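As a plain string of letters, each chain reads:
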Amino acid sequence: MSEKAVNKNLPIVSKRLGLPDAYKLETYLATGGYDGLKKALQMNPEDVSNEVMKASLLGRGGAGFPAGRKWSMLKANPVKYLVINGDESEPATFKDHDLIELDPHQIIEGVVIASYALGVNQAFIFCRGEFALGLERLQSALNEAYDYGAVGSDIFGSGFSVDLVVHPGAGAYICGEETALLQSLEGKRGYPRIKPPYFPAVMGLYNQPTVVNNIETVSNLPWIIQNGGDAFAAMGQDSSAGSRIFALSGHVKKPGNYEVEMGKVTFRDIIFDPEYGGGILDDLELKAFIPGGVSAPWFGPELLDLPLTQEAIASKGSMLGSGSIVVFNESTCPVRAAWRISKFFYRESCGQCTPCREGSGWIEKIMHRIETGSGRMEDIELVLDVCDNIAPGLTWPPKQTTICVLGPSIPSSIVSAVNMFKQDFVDHIEKGKCTFGK
Amino acid sequence: MGHLSEEVLNKARILLEVYPNKRSALIPLCHLAQGQDGYLTPEAIIEIAELVDVTPAEVRGTASFYDMFHLEPVGKHVVAMCTNIACMLRGADELLEHAQEVLDVGIGGTTQDGQFTLEEAECLAGCNNAPCVQVNHRFFGPLDNDGFDELISDLKSGKLKDIVPEHGVLNRVERQHGLKATPDQIQAERDVMESAKKERLAKKSTS
Ligand SMILES: Cc1cc2nc3c(=O)[nH]c(=O)nc-3n(C[C@H](O)[C@H](O)[C@H](O)COP(=O)(O)O)c2cc1C
Ligand code: SF4
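Quantities reported herein were computed from a predicted structural model and do not represent experimental measurements.

Student: Which residues make up the sheet that holds strand β3 (residues 163-168) of chain A, and what values go with them?
Tutor: Residue and element names in this part refer to chain A. Spatial strand order, β3-β2-β1-β4: four strands in an open sheet with parallel pairing. With partners counted over all chains shown, the strands left at the sheet margins are β3 and β4 (210-214), one partner each. Direction aside, the axes of adjacent strands within the sheet are offset by 20° on average. As paired elements, strand β1 (residues 81-86) and β4 share five bridges and run parallel to each other. Directly across from Ile-84, in β4, lies its bridge partner Asn-213. Packed on one face of the sheet, helix α7 (residues 132-148) meets β2 (122-127) and β3 and runs near 170° to β3.

Student: Let's hear about the interface of chain A and chain B: which residues, and what values?
Tutor: At the interface, 84 residues of chain A touch 61 residues of chain B. For the chain A and chain B pair, buried surface summed over both sides reaches about 5,600 Å², with 54% attributable to carbon and sulfur atoms. Among the residues of chain A in contact with chain B, Glu136(A), Ala170(A) and Arg340(A) are the three that bury the most area, contributing 11% of the side total. In this structure, Glu122(B) and Arg340(A) form a salt bridge, with 3.2 Å as the shortest nitrogen-oxygen distance. Seen at the junction of chain A and chain B, the total is 28 residue pairs in polar contact (both at pLDDT 80 or more).

Student: Just give me the short version of the environment of Ala92(B), but keep the residues and values in it.
Tutor: Residues and elements named next belong to chain B. Relative to the assigned elements, Ala-92 resides in helix α6 (residues 92-103). The class for Ala-92 is buried, based on a relative accessible area of 2%. Discounting residues that sit within four places of it in the chain, Ala-92 has contacts with Cys-82, Thr-83, Cys-87 and Pro-131.

Student: Mind laying out the domain arrangement of chain A, listing which residues take part and the relevant values?
Tutor: All names here are of chain A. Segmentation of chain A into domains returns domain 1 (25-232), domain 2 (235-329) and domain 3 (334-431). Here the C-alpha centre of domain 2 lies 26 Å away from the C-alpha centre of domain 1. Together domain 1 and domain 2 conceal approximately 1,600 Å² of surface at their shared face, both sides included; 53% is due to carbon and sulfur atoms. Broken down residue by residue, the surface that domain 1 buries against domain 2 is led by Arg-60, Phe-94 and Phe-232, which jointly contribute 29%. Where domain 1 packs against domain 2, one counts zero salt bridges. Applying the counting criterion to the domain 1 and domain 2 interface returns 10 residue pairs in polar contact (both at pLDDT 80 or more). Elements represented by at least two residues in the side of domain 1 that touches domain 2 include exactly α5 (95-102) and α11 (229-233). For the side of domain 1 that touches domain 2, the element with the most residues is α5, which contributes three residues.

Rules used throughout
Residues numbered from 1 in each chain as written. Chains lettered and ligands numbered in written order. Predicted model: local features only at pLDDT ≥ 70, side-chain atom pairs only at ≥ 80, totals over all residues. Heavy atoms only, no water. Pairing = 2+ DSSP bridges. Helix = DSSP H or I, 4+ residues; strand = E, 2+ residues; numbered from the N terminus. Axes fitted to C-alpha atoms, helices over the stretch in contact; angles between N-to-C directions. Contact = heavy atoms within 4.5 Å. Buried area = accessible area lost by both parts, 1.4 Å probe. Salt bridge = Lys/Arg side-chain N within 4 Å of Asp/Glu carboxyl O. Polar contact = N/O pair within 3.5 Å; in protein donor to acceptor, adjacent residues only side chain to side chain. Buried < 20%, exposed > 50% of the residue type's maximum accessible area, 1.4 Å probe, protein only. Domains from an automatic or database assignment.

Shown next as C-alpha cells:
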C-alpha cells in the first residue's frame, strides 16, 4: 500500500462492527458507549456544535455537505426537528445497514448529542423498511436507552429532554432524498418537494425547521465529542476530514465495508490490498469501477491511483457520493451494466417531473434493446440525446431540470458506458446479440 | 367487529401517540396490518383511514406508492431477489432464472400451494453477500443454485421459522417508552434547560 494507512485512531465509526453483540446496551457500555453523550451534556450546546464545526465532518449521505454548517443554518424556532436518514437504497451502498444492525446505540448516542446541540426535543430515525432486523435492533436499543436514561426526559440529570422515534420506510429509493423522506414521514407518498421554499432547515417536517443527517454522519459524533473536533480534522486530507466507510462490491475477492482515513488510501489500495478487497475476482483484469454509487460517472483503471477524497474524485469528473465502489472485471458487459442501472432509475423515478419520468423509461427501453441485440446504430446517439434532455450539456455535475437530483443522475452511467466502451455498443448492434454471452 | 386484532390495535395506539401528527403513523400502521394479513386488505385500509383521520382512498393511494405494501394476497414466504448491479455482477440474473424454474412461477407470481411469492428486488443493501435474497425481509446470501434450493426446502420444512417470521416488519419488538410529550411538558423541559444552562454559565464564570 502507498503509505501504510494505519492511523491509531481507526476504526472510528465501525469499531464495534466485529463484535458479536454490540447492539446490546451491555456491550455498548463496556466499550465506551454513552461517554460522548455524558461529556456533551456537561458542555454548552453551542460548544458541542463548535466541536462538530471544527471537525469539518462532511455529511455521509451522498452530497457531502459539512454537518457543522448545516446545523448553523437551522432556523431559530420554538419547534425544530432532527431526522436521521437511514433509508439507504443507493445501489451497492450497504454501510448504514451494518451500522443499524450492529451498532444501533452509537446512532442513538449521536442523535441525542446532535439534538442537544441543536436544541431539538423530538427526533426521528427513518430506517429503511426492508431492514426488518435493523428495525428490531434499533427499537430494542431505543427501549434500552430510555431505560438507561440516555433518551427521554431529563437525560442523565442534565435537564435536557428529547424523544426519539424509529420510523420504518416502506420500499422506495426516492425516500432517501431528504424532502421525499420528510413527506414519507408525514405519511404521504414520497414525492420530493421543490426547493425553494422547502429547504428542510427552514421548512422541513410539518413545515418546521428540520435537520436531516445521515446515519454514518451522526455515528461519528460520540467520537468527535470524546476526542475533540481537532483530532478528527487532523485526519484526512483537504476538505475530506476524518475517516469514512467505503462499501466495496462487485468483482472483488472480499466485498465489504472498510473504514479508512480519507485521502490516505487510493482506489488501488482498497480494491487490491489483502486487508481490503483482496484483488479482482477470478484474477481477471480490472475493466472499470464506479467510484461513488450508481449516480456517479465511472472510472477506468488509469484512475486507480486517485486518493479517496472528495476533491480528487471531483477533479476527474465524478463523485464520492455514498461511498460505494463497484468493481467490474473484464468479463463484465458494460452495456448490460449501464442498462441495469437505467432500469433501476426507471423503476424508482417518482414520476413528478417529465424529463425524469419519461426519460428514464426511454433510456431503459433503448439500452435494453441494444443489450439484447435488437438495437440500431442510431440508438447510441438517441440514448445520449435523451440523456441530454434530462441533464442539458451532459456536464459534471449535471445541470438540473427537475425537482430533485435523481433525474439528472440517470445519464451518468449511460454516458460513461458510451464514452468508455463505444465499441461494445457497436458490436452488440452489428452482431445482433450481447457479445459477452449474456 | 373490527378487522384489525386487539393486539394490532394496541400497537397502533402506541404509534398514534408518538407522532406530533397522526397521519405520520399511516405507514407504520400499514406495516402492522400487513403483518396480520400478509397484505393490505380493503377492511384494514378502511380501519387505518379511520385511525389516522384520512379517507381510505388516501391510505390506498399512499400505500400503492411503496414497494413493500401488497394490495393483493401473497404467499406465505415472499422471496425478493436482488438483481441490481452488485448482485448482477455476481450472478443474480442466473439465480433468478433458476428460482423461477424451481418454484415454477414467474416474477411476481405465487406458487399454487400459496407458499411462495417471487419478486425481483432493487438493491437490498446486502451487496457484501451478493447475490442476496430476502425472505419476508430477512437476509440470505451469498446464494448459488444449491444454496437457493436448500433455502427453499428449509422454509418448507419450517426449519427457519424463528429466523423468518410471517409477514410484517414491526411485529416482534414493541416501543416501550417515550410517548409524545404535551406542549406543556415540552415548555417545562425547555425552562429546566434554560435554568440549567444559566447555572452552568454561572459556574463557568466563578471557576
Ligand atoms: C435520489 C436520492 C437518494 C438519496 N438517498 C439517500 C440515502 O439513502 N441515505 C442518505 O443518507 N442520504 C440520501 N440522499 C441524500 C439526502 O438527500 C441528504 O442529502 C442526506 O441525507 C443528508 O445527510 P448528510 O448531510 O448527513 O449527508 C439521497 C439523495 C437523493 C437525491
Ligand atoms: S427528478 Fe425524478 S425522482 Fe426527482 S422529483 Fe422529479 S420525477 Fe421525482
